[in-house]
Amino acid sequence: MTKFAIGQTVHRLEDPTLLQGKGCYTDDLRPQGAAHAFVLRSPHAHVLIRGIDTTAARKAPGVIAVLTGADAKADDLGTMPCIVPVKNHDGTPRGETPRPVLALDRARHVGDPVALVVAETYHAARDAAELIEVDYEPLPAVADVYGAAQPGAPLVWPEIKQNIVADLHLGSKEAADAAFARAAHISKIELVQNRLVANPMEPRAAFAEYDPETDRSTLHTSSQSVALLRAHIGDIVLKIGDKLRVRSGNVGGAFGMKAMMHPEQPMIVWASRRLKRAVRWTGDRSEGFLTDVQGRDHKVFAELALDKDGKFLAVRATVYAGMGAYLSQFAPMIPQSVHSMMPSVYAFEAAHLHLIETVTNTVPVDAYRGAGRPEGIYVTERLIDIAARELKIAPDELRRRNFIKPSQFPYTTAAGLVYDSGDFEGLQAKALKEADWAGFPARKAASEARGKLRGIGLTMYVERCGGAAPPDSVALKVNKDRVLVLPGTVDNGQGHMTVLKQMVSEYLGVDMEKIDVSQGDSDANPFGLTGGSRFAVVTGTAAGIAAKEVVDKGMEQAAKMLEAAAADIEYGDGDYKVKGTDRKATLFDVASAAGGIEALHIKNTGALTFPNGCHIVEVEIDPQTGVTRLDRYTIVDDFGRALNPMLLLGQVHGGTVQGIGQALLEHAVYDNESAQLLTGSFMDYAMPRADDVPSFHTTFHHTPCTTNPLGVKGAGEAGSVGAPPAIINAIVDVLHAKKGIKHIDMPATREKVWRALNG
Amino acid sequence: MYQFKFQKAKSVAEAFAGLGKDGDAKLLAGGQSLIAAMKLRLSQPSTLIDLGDIAELRQIKVETGTVTIGAMTTHATVAASAEVNKALPALAMLAGSIGDRQVRNQGTIGGSIANNDPAADYPAACLGLGATIATNKRKISADAFFKGMYETALEAGEIITSVSFAIPKRAAYVKFKNPASRFAIVGVLVADFGSSARVAVTGAGPGVFRIAEMEKALVAKFAPESVANIKVPAEGLNSDLHAQADYRAHLITVLAQRAVIAALK
Ligand SMILES: Cc1cc2nc3c(=O)[nH]c(=O)nc-3n(C[C@H](O)[C@H](O)[C@H](O)COP(=O)(O)OP(=O)(O)OC[C@H]3O[C@@H](n4cnc5c(N)ncnc54)[C@H](O)[C@@H]3O)c2cc1C
């Protein structure tokens with residue numbers, strides 16, 4: 001056994017470097033002689049661009065170049081791809097929203113790039129940008145995802161009728177309709193999934209270098225996948241293929257947003273190649289608000305059908321999902337997960353989703369922590385609470401009657417997913433106990449004695465993690481004294497390096513101190529994508545396959561060295577041993593003799609995993625002000641197995657805090673006339689802070705995952721799935737008791753809660 | 001940021017001379033409002049005259065009946081000052097409620113009241129504690145100083161040197177923070193001077209204001225029930241993303257009661 005095997009708490013190896021400010025983020029790369037870029041952006045949400053006069057800007061001090069959409073067109077740049085095909089229910093393909101890296105004749109959201117100024121200093125570039133004269137002709141704009149789909153709404157794309165870019169049905173409408181026709185009771189809800197801004201601590205950044213000798217460009221950029229960016233920028237937009245290398249150093253948070261190519265990345269490489277010079281760009285916080293792809297943005301109408309015994313029959317929904325002004329890379333796929341998650345942890349006969357994806361004059365929307373799964377679970381878990389109240393069945397009891405049972409695995413859900421494992425009833429029972437559910441009435445009475453209102457809310461959740469092509473891979477190289485691990489994924493702050501070393505240490509029986517991890521270089525690392533809570537499951541499994549291949553490859557050399565038949569040699573604790581003897585050779589000796597051993601072409605698609613759990617929240621509301629305090633917060637999760645309990649808790653806490661942000665605070669609000677973002681800075685966009693968050697009581701109820709050898713389930717997004725329904729269920733517990741109110745939309749701000757109680 | 005010149009003043013007189021020479025020059029205190037505006041290119045001073053080296057602007061003096069704070073005293077210094085905590089705890093507590101640690105370590109009382117942000121805290125202290133604002137030219141009563149949103153009685157070239165607060169029998173400040181910015185959505189300061197009382201409200205309107213009806217009721221009896229039924233009209237109050245006017249109006253009454261309770265503790 002090595003010292004820090006899988007399952008142990010190992011402190012993050014990343015921290016000494018990062019906490020001392022010795023990390024290297026994209027903006028830390030500031031070589032002498034690099035030029036600085038500033039992007040001039042549309043101040044309007046929807047305009048025709050009649051002309052751009054850059055004469056004065058070109059002559060401004062320090063200016064090297066001013067580039068516009070016309071230059072990009074002349075250089076034959078491709079448009080930004082959306083890689084998800086969608087077939088509408090009438091058989092036609094989804095609409096197209098071709099997006100040039102710089103706007104050509106039309107800008108479609110505030111912040112849309114209009115011109116790029118490259119200068120000797122950032123301030124010179126920014127000063128010059130003010131000299132660019134753009135002849136804008138304003139057009140009517142639309143921001144509301146539902147309003148955009150109504151007749152007569154301003155059109156974001158004249159080619160896209162009623163702004164509906166895709167219109168599809170998921171699951172069987174007939175089966176759902178039949179179940180609803182038989183129902184003894186139907187519960188309904190109309191709700192909003194508030195639009196969110198990812199707001200990682202480190203803003204987006206791009207820095208391109210050019211090597212005239214090889215005609216190659218290197219793009220340094222904060223990302224979740226250097227391989228995807230290399231392909232999309234190199235092959236699709238700039239059409240330079242392998243003449244592009246993409247690298248990511250430390251990444252200060254991403255949350256899905258940095259998986260997407262944004263226009264500045266190809267733009268900066270393009271400028272650098274034109275100028276044959278290094279060019280750097282770092283977005284500021286305002287640009288982040290106006291241009292980073294955002295999350296959620298749904299308007300939902302949903303229904304739950306139950307029989308006379310409170311058995312769930314079917315769930316169905318019509319979801320209007322906002323795509324923003326252009327379809328981002330994965331955008332049309334994200335809300336499809338609403339359907340796959342709608343059955344949650346329950347036995348349903350049918351689940352049907354009518355998904356209407358609309359374009360609006362807003363920043364594109366794409367994956368944000370959870371990416372469609374929080375949206376789906378929220379619909380069903382809110383409906384269940386409403387049904388429980390209408391049928392006068394306790395919410396835990398109604399759930400208990402409908403859980404998928406352990407004996408039913410593998411279980412194919414009404415949405416067609418195959419759950420492999422779980423113990424939902426046992427997990428809920430544990431959560432009720434941990435939360436002291438039974439003691440709630442006494443705590444409620446105590447709150448009331450202090451003039452406060454107390455509510456309790458429960459949710460179950462499950463999510464689909466891992467899987468999904470393209471596969472993540474890992475390359476492994478062993479030389480005479482060290483192991484080098486090259487994952488395809490990019491750490492964004494999760495602690496990948498620590499866990500990867502733990503895993504490889506166990507796989508090979510080699511001390512962690514002898515293992516190096518190197519990430520984020522499209523020339524060196526194999527394919528991978530950080531996202532969808534895939535790292536532990538997909539990369540972890542790939543590392544296991546790679547380790548086995550390394551050991552197998554060394555076997556012949558070991559046999560030679562030990563003068564034994566390969567069949568008589570076994571591997572363990574870092575040694576090749578001749579069975580039944582004390583003769584052995586270390587992995588490093590064998591690798592040294594073999595001139596190094598490598599496993600380079602490991603592919604692991606990774607089967608799906610289904611982490612699940614229960615969040616129970618108690619809120620205390622001040623009826624005079626509407627202030628909602630999270631007083632008690634209990635989480636029980638099933639992640640199959642903990643690789644590193646401390647890092648796992650970090651993921652749970654972080655995800656839950658983001659869920660709290662969505663439930664109570666965060667909202668990207670657009671003015672519906674002008675489509676201007678009204679919450680464009682931290683003065684107006686409320687992020688959750690330490691004093692908004694309670695101390696979490698977290699435990700586990702693991703059932704090993706059967707679809708991967710590690711037995712683990714994804715954990716990175718779990719908290720963001722569980723928190724919103726649990727919190728809103730708790731607040732509605734109060735609002736219903738006092739005012740008969742059925743639902744309150746997120747974010748449940750203090751003013752909204754106060755109005756609900758005093759309306 | 002646009003290009004600007006930078007000058008460190010050794011004395012108030014030197015700063016005054018600097019302002020006289022250049023009409024587009026601006027004083028720099030903690031920079032927490034000014035530098036942010038410059039970075040967003042909303043403010044374009046030709047010269048910044050830094051008051052940071054003028055020691056006389058950093059003094060705290062407690063005398064009979066008054067606490068005087070030098071214009072360049074930071075919020076953190078006021079919050080931590082043993083003398084202020086003893087003589088006028090409500091003021092220390094108010095300073096400690098401003099922004100975050102970084103802002104409190106940089107931001108100053110002079111900068112705050114010269115800026116007169118409608119959601120700032122110090123204006124409520126000035127008005128509620130009957131402060132006198134001393135400048136290089138004159139003394140101005142708080143009642144005459146604040147002129148509505150970002151407007152003050154300061155004339156061109158006028159430099160705040162200190163602020164003197166009257167010490168009441170008791171006082172308290174209750175702040176309902178904007179969850180995003182942590183500025184005041186509504187902040188209410190109540191002070192009991194025995195024969196008079198003051199109730200000053202920040203955040204709720206275009207500028208800080210007093211509520212005469214509550215003051216009268218509190219002189220009669222300094223107790224929460226005295227203000228509990230005094231409703232503040234919503235007309236003229238701010239309505240924005242964070243709070244509609246009627247919610248702000250309601251909060252004023254709630255916070256006034258809570259401030260009275262806190263003052264009585
Ligand atoms: C994140 C953040 C949160 C904040 N939260 C709060 C809050 O909760 N409550 C609150 O009240 N404030 C808050 N502030 C504002 C903060 O208190 C500032 O310190 C204050 O508004 C300005 O003070 P300053 O010393 O930084 O002044 P500066 O920014 O340096 O100057 C502001 C203005 O005052 C002028 N000026 C400065 N000193 C003088 C003087 N002696 N005489 C005449 N004019 C002068 C300057 O020329 C300038 O126009 C916050 C600020 C930030 C950045």
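Residues numbered from 1 in each chain as written. Chains lettered and ligands numbered in written order. Predicted model: local features only at pLDDT ≥ 70, side-chain atom pairs only at ≥ 80, totals over all residues. Heavy atoms only, no water.

Caption draft 1: Broad picture of the overall build of chain B. Helices and strands together make up the secondary structure of chain B, namely twelve helices and twelve strands. Against the globule reference of 18 Å for 265 residues, chain B gives a C-alpha radius of gyration of 18 Å, in line with a compact fold. Overall, the C-alpha framework of chain B stretches about 55 × 45 × 30 Å when taken along its three principal axes. Expressed as a percentage of the 265 residues in chain B, the buried residues total 54%. For chain B, restricting intrachain contacts to residue pairs at least 6 apart in sequence, the fraction spanning at least 24 positions comes to 57%. By element, 53% of the accessible surface of chain B is carried by carbon and sulfur atoms, the whole surface being about 11200 Å². Of the charged side chains in chain B, 29 are positive and 22 negative, and the gap between their average positions amounts to 5 Å. (Helix = DSSP H or I, 4+ residues; strand = E, 2+ residues; numbered from the N terminus. Rg over C-alpha atoms; globule rule 2.2 N^0.38 Å. Buried < 20%, exposed > 50% of the residue type's maximum accessible area, 1.4 Å probe, protein only. Contact = heavy atoms within 4.5 Å. Areas by Shrake-Rupley, 256 points an atom, 1.4 Å probe, with all protein chains shown as cover. Lys, Arg positive; Asp, Glu negative; His and termini not counted. Charge placed at Lys NZ, Arg CZ, Asp CG, Glu CD.)

Caption draft 2: Inspection of the overall build of chain A at higher detail. Each helix and strand in chain A was counted, giving 19 helices and 30 strands. For chain A, the C-alpha radius of gyration of 27 Å lies close to 27 Å, the compact-globule estimate for 759 residues. Taking the principal axes of the C-alpha coordinates as reference, chain A spans close to 80 × 75 × 55 Å. Taken over 759 residues, chain A has a buried fraction of 61%. Total accessible area on chain A is roughly 27100 Å²; 54% of this is exposed by carbon and sulfur atoms. Separation of charge centres in chain A, based on 81 positive and 91 negative side chains, amounts to 2 Å.

Caption draft 3: Main features of the sheet that holds strand β1 (residues 5-8) of chain B. Residue and element names in this part refer to chain B. Pairing within the open sheet is parallel, and its three strands lie in the order β1-β3-β2. Across the chains shown, the open sheet's two edge strands, defined by having one partner strand only, are β1 and β2 (25-28). The mean angle between the axes of side-by-side strands here comes to 25°, regardless of whether they run parallel or antiparallel. As paired elements, β2 and strand β3 (residues 47-50) share four bridges and run parallel to each other. Looking across to β3, one finds that Lys26 is bridged to Leu48. In the packing of helix α1 (residues 12-21) onto the sheet, contacts are made with β1, β2 and β3, and the angle to β2 comes to roughly 155°. (Pairing = 2+ DSSP bridges. Axes fitted to C-alpha atoms, helices over the stretch in contact; angles between N-to-C directions.)

Caption draft 4: Broad picture of the domain arrangement of chain A. Residue and element names in this part refer to chain A. What the domain assignment lists for chain A is domain 1 (15-22 + 469-603), domain 2 (31-139 + 200-291) and domain 3 (298-465 + 608-758). On a C-alpha basis, the centroid separation for the pair domain 1 and domain 2 is 38 Å. Facing 15 residues of domain 1, the contacting portion of domain 2 comprises 20 residues. Of all residues in domain 1, the largest losses of buried area upon contact with domain 2 belong to Asn492, Ser522 and Asp523, amounting jointly to 35% of the total for that side. Scanning the region where domain 1 abuts domain 2 turns up four salt bridges. Between Arg216 and Asp523 there is a salt bridge, and its shortest N-O distance comes to 2.8 Å. (Domains from an automatic or database assignment. Buried area = accessible area lost by both parts, 1.4 Å probe. Salt bridge = Lys/Arg side-chain N within 4 Å of Asp/Glu carboxyl O.)

Caption draft 5: Here's a closer look at the packing of helix α14 (residues 496-508) of chain A against helix α15 (residues 535-562) of chain A. All names here are of chain A. Following both chains from N to C, one finds α14 and α15 inclined at 35°, their axes separated by 10 Å at the closest point. The handedness of the crossing between α14 and α15 is right-handed. Along the contact surface, α14 presents His496, Val499, Leu500, Met503, Val504, Tyr507 and Leu508, while α15 presents Phe535, Thr539, Gly540, Thr541, Ala543, Gly544, Ala547 and Val551. (Left-handed = near helix turned anticlockwise from the far one by under 90°.)

Caption draft 6: Quick look at helix α19 (residues 750-758) of chain A. Taken together, the buried positions of α19 of chain A are Glu751, Val753, Trp754, Ala756 and Leu757 of chain A. On its buried side, α19 of chain A packs onto β18 (453-462), β28 (612-621), β29 (628-638) and α18 (718-739) of chain A together with α12 (245-264) of chain B.

Caption draft 7: Summary view of the site of the ligand. All names here are of chain B. Close to the ligand lie 30 residues; Leu27, Gly31, Gln32, Thr108 and Asp121 are nearest. Gly99 places a polar main-chain atom, nitrogen or oxygen, 2.9 Å from an oxygen atom of the ligand. Here an oxygen atom of the ligand and a side-chain polar atom of Lys175 are 3.0 Å apart. Considered on its own, the ligand offers 970 Å² of accessible surface; in the complex 90% of this is hidden by protein. Mapped onto the shell around the ligand, the elements with two or more residues apiece are β2 and α7 (109-115). With four residues, α7 is the largest single contributor of residues to the shell around the ligand. Here the shell around the ligand spans two domains, since at least three of its residues come from each of domain 1 (5-50) and domain 2 (59-264). (Near = heavy atom within 4 Å. Polar contact = N/O pair within 3.5 Å; in protein donor to acceptor, adjacent residues only side chain to side chain.)

Caption draft 8: Structural view of the pattern of salt bridges. Residue and element names in this part refer to chain A. What the rule picks out here adds up to 72 salt bridges over all chains. Asp15 is the partner of Arg12 in a salt bridge, and the nearest nitrogen-oxygen pair spans 2.8 Å. Glu397 is paired through a salt bridge with Arg400; the nearest N and O atoms lie 2.9 Å apart. Of this pair, Glu397 and Arg400 are both found in helix α11 (residues 395-400), three residues apart, which corresponds to roughly one turn of the helix. In this structure Glu397 comes out as partly exposed when scored by relative accessible area, which is 25%. Overall, the relative accessible area of 27% leaves Arg400 in the partly exposed class. Members of the salt-bridge network, linked through shared partners, are Asp436, Arg443, Arg450, Arg454, Glu618, Glu620, Arg629, Asp631 and Arg632.

Caption draft 9: Fine view of the packing of aromatic side chains. In total, this model carries 19 aromatic pairs over all chains according to the counting rule given. Here the aromatic rings of Phe38 of chain A and Tyr122 of chain A are separated by 6.1 Å at their centres, their planes lie at 75°, and the arrangement is edge-to-face. With Phe38 of chain A in strand β1 (residues 35-41) and Tyr122 of chain A in helix α4 (residues 122-129), this residue pair connects regions lying 84 residues apart in the sequence. Plain terms: the ring middles of Trp754 of chain A and Tyr247 of chain B are 4.9 Å apart, the flat faces sit at 40° to each other, and that makes the pair tilted. Of this pair, Trp754 of chain A sits in helix α19 while Tyr247 of chain B sits in helix α12, placing the two residues on different chains. Residue Trp754 of chain A is classed as buried on the basis of its relative accessible area, which comes to 9%. (Phe/Tyr/Trp six-rings, centres within 6.5 Å; stacked < 30°, edge-to-face > 60°.)

Caption draft 10: How the structure looks around the interface of chain B and chain A. Taken together, the 24 residues of chain B in the interface contact 25 residues of chain A. Joining chain B to chain A, the criterion identifies six salt bridges. Its residues placed into classes, the side of chain B that touches chain A shows 13 nonpolar, five polar and six charged. (Nonpolar A, V, L, I, M, F, W, Y, C, P; charged D, E, K, R; others polar.)

Caption draft 11: View of helix α13 (residues 440-449) of chain A. All names here are of chain A. Along α13, the residues classified as buried are Phe440, Arg443 and Ser447. Buried residues in α13, looked at end-on, bunch into an arc of 65°, giving them a common side. Along α13, exposed side chains directed more than 90 degrees from the buried face belong to Pro441, Ala442 and Ala449. On its buried face, α13 is in contact with β18, β28, β29 and α18. At the exit of α13 stands Gly451, carrying a positive phi of roughly 80°. (Arc of directions from axis to C-beta.)

Caption draft 12: Just the nonpolar core, in detail. Residues and elements named next belong to chain A. Membership of the largest hydrophobic core comes to 106 residues, with the highest contact counts inside it found for Leu304, Tyr419, Ile616, Leu664, Ile727, Ile731 and Ile744. Counting residues per element, this core draws most heavily on α18, which supplies eleven residues. Residues in contact with Tyr419, not counting those within four places in the same chain, are Met341, Ser344, Ile404, Phe409, Pro410, Tyr411, Thr413, Phe424, Val462 and Phe610. (Core = buried A, V, L, I, M, F, W, Y, C linked by side-chain atoms within 4.5 Å.)

Caption draft 13: The arrangement of the domain arrangement of chain B in detail. All names here are of chain B. When the domains of chain B are assigned, the result is domain 1 (5-50) and domain 2 (59-264). Each of domain 1 and domain 2 has a C-alpha centre, and these two points are 26 Å apart. Between domain 1 and domain 2 lies a buried interface of about 810 Å² when both sides are counted; carbon and sulfur atoms form 75% of it. At the boundary of domain 1 with domain 2, the tally comes to zero salt bridges. With four residues, the single largest contributor to the side of domain 1 that touches domain 2 is α1. Residues that form the side of domain 1 that touches domain 2 fall into these classes: six nonpolar, three polar and no charged.

Caption draft 14: Structural context of the environment of Ala166 of chain A. Residue and element names in this part refer to chain A. Inspection of the secondary structure assignment puts Ala166 in strand β7 (residues 164-170). For Ala166 and Val10, which are 156 residues apart along the polypeptide, the C-alpha to C-alpha distance reads 47 Å. Apart from the residues within four sequence positions on either side, Ala166 is in contact with Val86, Asn88, Arg94, Leu355, Ile356 and Glu357.

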